[in-house]
Amino acid sequence: MSSAKERRSVVTGMGVIAPNGVSIDAFWKATKEGISVLDRVTREGCEHLPLKVAGEVRGFDPADLIEERYLVQTDRFTHFAMAAANLALDDARLGRADYADSPFAVGVVTAAGSGGGEFGQRELQRLWGQGSKYVGPYQSIAWFYAASTGQISIRGGFKGPCGVVASDEAGGLDALAHACRTVRRGTDAVVVGAAEAPLAPYSVVCQLGYDDLSTLDDPVRAYRPFTDGACGFVPAEGGAMLVVEEATAAEGRGAPVRAELSGHAATFTGASRWEESRAGLAHAIRGALEDARCAPDEIDVVFADALGVPSADRAEALALADALGRQATQVPVTAPKTGTGRAYCGAPVLDIAAAVLAMEHGVVPPTPNVVDVCHDLDVVTGRARPAELRTALVLSRGLMGSNAAMVLRQGSPSPS
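A brief report on the enclosed structure follows. No experiment lies behind these values; they were computed from the predicted model shown.

## Focus: the pattern of salt bridges
When the charged atoms of two side chains with opposite charge come close together, those side chains can pair.
Argument step 1. Tallying each qualifying case throughout the model produces 24 salt bridges.
Argument step 2. Glu-316 is the partner of Arg-397 in a salt bridge, and the nearest nitrogen-oxygen pair spans 3.4 Å. Remark: Glu-316 occurs in helix 12 (residues 310-324) and Arg-397 occurs in strand 14 (residues 391-397); sequence separation between them is 81 residues. In this structure, Arg-397 and Glu-316 share a single accessibility class: buried.
Argument step 3. The structure contains a network of salt bridges with shared partners spanning Glu-169, Asp-305, Glu-316, Arg-342 and Arg-397.

As structure tokens, this is what we get:
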């Protein structure tokens with residue numbers, strides 16, 4: 001076995017359940033074309049609430065990918081995660097036969113910021129409306145942050161190291177870093193990612209306490225980071241799951257390598273202290289570059305956090321300048337999430353998926369609904385931009401104060 005320092009973490013499979021597509025192909029087509037799917041909230045029970053615009057996952061039937069015995073035990077956020085995990089495993093060509101003799105060689109890590117709000121609300125309504133006898137036994141587990149990790153592990157027969165990052169949005173990148181550390185310690189593969197379902201009425205009411213939430217009713221103007229019209233963010237459902245493998249193990253079974261997760265770092269600067277996030281995010285970027293042994297001028301594209309709050313956008317632009325120097329004004333910056341909304345912990349994992357696809361196809365996807373950039377950044381707007389992309393930087397910040405950065409390197413040659 002190679003030493004921990006020699007054990008590299010590579011992405012061999014990806015699965016996406018997002019507002020703009022419930023497969024990698026659909027997600028990438030919409031992302032590359034800059035299609036915005038933000039629209040009025042239609043989820044039952046949310047009609048009268050101040051949140052008017054969000055990114056909903058539509059046309060998704062979990063029964064197409066998940067057995068009934070698992071569906072009845074789980075919330076919508078776990079349905080997304082399990083379905084995305086299915087797609088990622090298929091994409092990685094990792095089946096039970098590959099680990100039948102070594103189930104402890106595969107682990108699972110997910111991140112979650114809100115848990116199973118829809119399931120929990122339904123059962124509590126039964127409790128207070130009909131009595132305790134009408135509350136199902138799965139109420140004890142379906143709402144729990146770790147439910148997705150547990151169900152993916154049980155369903156797949158994965159007995160390796162498992163964990164959950166209960167965090168704010170940056171937890172999506174932190175979960176990937178946790179998977180990389182797990183690989184370095186000896187695990188061959190980790191199913192990792194995040195998916196959220198924050199559009200149940202109870203969950204929406206909880207989010208209304210966020211000052212940074214946009215309550216505009218115009219889908220085109222509700223989420224426009226890096227512009228003079230920035231007025232906050234809109235939430236979204238969905239997320240992505242990846243299969244991360246030790247490079248030698250992936251090579252040994254002939255798995256295609258889509259990208260390498262090369263470096264990560266995280267900091268904490270406190271809830272909604274956006275001016276202070278400049279220093280925290282810059283420190284995370286420097287740390288991720290150092291971990292990846294990557295110079296600032298090697299970064300070919302930045303997938304921005306793009307909160308949509310003027311002070312936060314300004315802090316992010318300045319953090320990039322602090323960490324990348326002159327490269328900050330020259331490197332293409334994009335934020336595809338402006339067309340789908342921010343899926344909390346799922347958002348940066350979707351950005352990771354988009355970054356991998358961007359490097360594979362040699363194109364920087366645009367930032368939907370953004371046209372009048374007011375910061376000294378080369379934000380890609382309007383149309384996708386062809387570019388040779390070997391290294392990508394993905395950024396994420398959470399409303400509770402976490403900052404994270406991750407560096408990815410290109411895997412196999414671009415598809416024809």
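## A word on the nonpolar core
Argument step 1. Counting residues in each nonpolar core, the largest one holds 49 residues, and the members touching the most others are Ile-285, Val-302, Leu-320, Leu-324, Leu-393 and Leu-395.
Argument step 2. Where this core is concerned, the elements lending two or more residues are strand 3 (53-54), helix 11 (274-292), helix 12, strand 14 and strand 15 (402-410).
Argument step 3. In terms of residues, this core owes the most to one element, helix 11, which gives 8 residues.
Argument step 4. Not counting the four nearest positions on each side in its chain, Leu-324 is found in contact with Ile-285, Leu-289, Pro-296, Val-302 and Val-331.
Argument step 5. Counting 48 residues, the second largest nonpolar core, distinct from the first, contains Leu-176, Cys-345, Val-349 and Val-380.

## As for the layout of surface pockets
Argument step 1. There is about 540 Å³ of room inside the largest pocket.
Argument step 2. In this structure, the largest pocket is lined by 29 residues; those nearest its centre are Gly-113, Ser-114, Gly-115, Tyr-145 and Cys-206.
Argument step 3. Those elements giving two or more residues to the lining of the largest pocket turn out to be helix 5 (117-130) and helix 9 (201-207).
Argument step 4. Of the residues contributing to the lining of the largest pocket, the split by class is 12 nonpolar, 12 polar and 5 charged.

## Looking at the packing of aromatic side chains
Argument step 1. Tallied over the entire structure, the rule returns 4 aromatic pairs.
Argument step 2. Judged by centre distance (5.2 Å) and plane angle (50°), the ring pair of Phe-60 and Phe-80 falls under tilted. Taken together, the residues span a long stretch of sequence, with Phe-60 in the loop between strand 3 and helix 2 (68-71) and Phe-80 in helix 3 (residues 76-92) at a distance of 20 residues.
Argument step 3. Of the residues examined, Phe-60 reaches a relative accessible area of 14% and is grouped as buried.
Argument step 4. Relative accessible area serves as the criterion here: at 0%, Phe-80 is assigned to the buried category.
Argument step 5. Residues Trp-143 and Phe-144 carry aromatic rings whose centres are separated by 5.5 Å and whose planes lie at 70° to one another, so their mutual orientation is edge-to-face.
Argument step 6. Since its relative accessible area comes to 38%, Trp-143 is described here as partly exposed.
Argument step 7. Residue Phe-144 is classed as partly exposed on the basis of its relative accessible area, which comes to 41%.

## Re the pairing of strand 1 (residues 9-17)
Argument step 1. Of all the 9 residues making up strand 1, 9 are buried; the element is thus mostly covered by neighbouring parts of the structure.
Argument step 2. Of the pairings in the sheet, the one linking strand 1 to strand 7 (residues 238-246) comprises 8 bridges and is antiparallel in character. In the strand pairing of strand 7, Val-16 is matched with Ala-240.
Argument step 3. Where strand 1 meets strand 8 (residues 259-268), 2 bridges bridge the pair, whose relative direction is antiparallel.

## What to know about the side chain of Asp-305
Argument step 1. For Asp-305, the position within the fold is in the loop between strand 9 (301-303) and helix 12.
Argument step 2. A relative accessible area of 1% places Asp-305 in the buried class.
Argument step 3. Discounting residues that sit within four places of it in the chain, Asp-305 has contacts with Glu-169, Tyr-223, Glu-316, Lys-337, Arg-342, Leu-395, Ser-396 and Arg-397.

## Here we look at empty space enclosed by the protein
Argument step 1. In this structure the tally under the stated criterion is 2 cavities of 30 Å³ or more.
Argument step 2. Taken together, Asn-20, Phe-27, Thr-31, Pro-336, Lys-337, Thr-340, Gly-341, Ala-343, Ala-347, Leu-350, Asp-351 and Ala-354 make up the full set of residues lining the largest cavity.
Argument step 3. Elements represented by at least two residues in the lining of the largest cavity include exactly helix 1 (24-32) and helix 14 (346-361).
Argument step 4. Ranked by residue count, the leading element in the lining of the largest cavity is helix 14, at 4 residues.
Argument step 5. Of the residues that constitute the lining of the largest cavity, the class distribution is 6 nonpolar, 4 polar and 2 charged.
Argument step 6. Roughly 30 Å³ of volume is contained in the second largest cavity.
Argument step 7. Lining the second largest cavity are Asn-20, Ala-30, Thr-31, Gly-34, Ile-35, Pro-336, Gly-339, Thr-340 and Pro-368.
Argument step 8. The residue makeup of the lining of the second largest cavity, split by class, is 4 nonpolar, 5 polar and no charged.

## A look at the pairing of strand 8
Argument step 1. A large share of strand 8 lies buried, amounting to 8 of its 10 residues.
Argument step 2. Taken together, the 9 bridges between strand 8 and strand 15 define a ladder with antiparallel strand orientation. Considered in strand 15, the bridge of Ala-266 is made with Ala-404.

Parameters and conventions
- Residues numbered from 1 in each chain as written.
- Predicted model: local features only at pLDDT ≥ 70, side-chain atom pairs only at ≥ 80, totals over all residues.
- Heavy atoms only, no water.
- Salt bridge = Lys/Arg side-chain N within 4 Å of Asp/Glu carboxyl O.
- Helix = DSSP H or I, 4+ residues; strand = E, 2+ residues; numbered from the N terminus.
- Buried < 20%, exposed > 50% of the residue type's maximum accessible area, 1.4 Å probe, protein only.
- Core = buried A, V, L, I, M, F, W, Y, C linked by side-chain atoms within 4.5 Å.
- Contact = heavy atoms within 4.5 Å.
- 1 Å grid on protein atoms, 1.4 Å probe; cavity = no way out; pocket = protein on both sides within 12 Å on 5 of 7 lines; lining within 4 Å.
- Points joined across faces, edges and corners; volume = space filled by probe spheres on them.
- Nonpolar A, V, L, I, M, F, W, Y, C, P; charged D, E, K, R; others polar.
- Phe/Tyr/Trp six-rings, centres within 6.5 Å; stacked < 30°, edge-to-face > 60°.
- Pairing = 2+ DSSP bridges.

So yeah, pure geometry; function would need other evidence.
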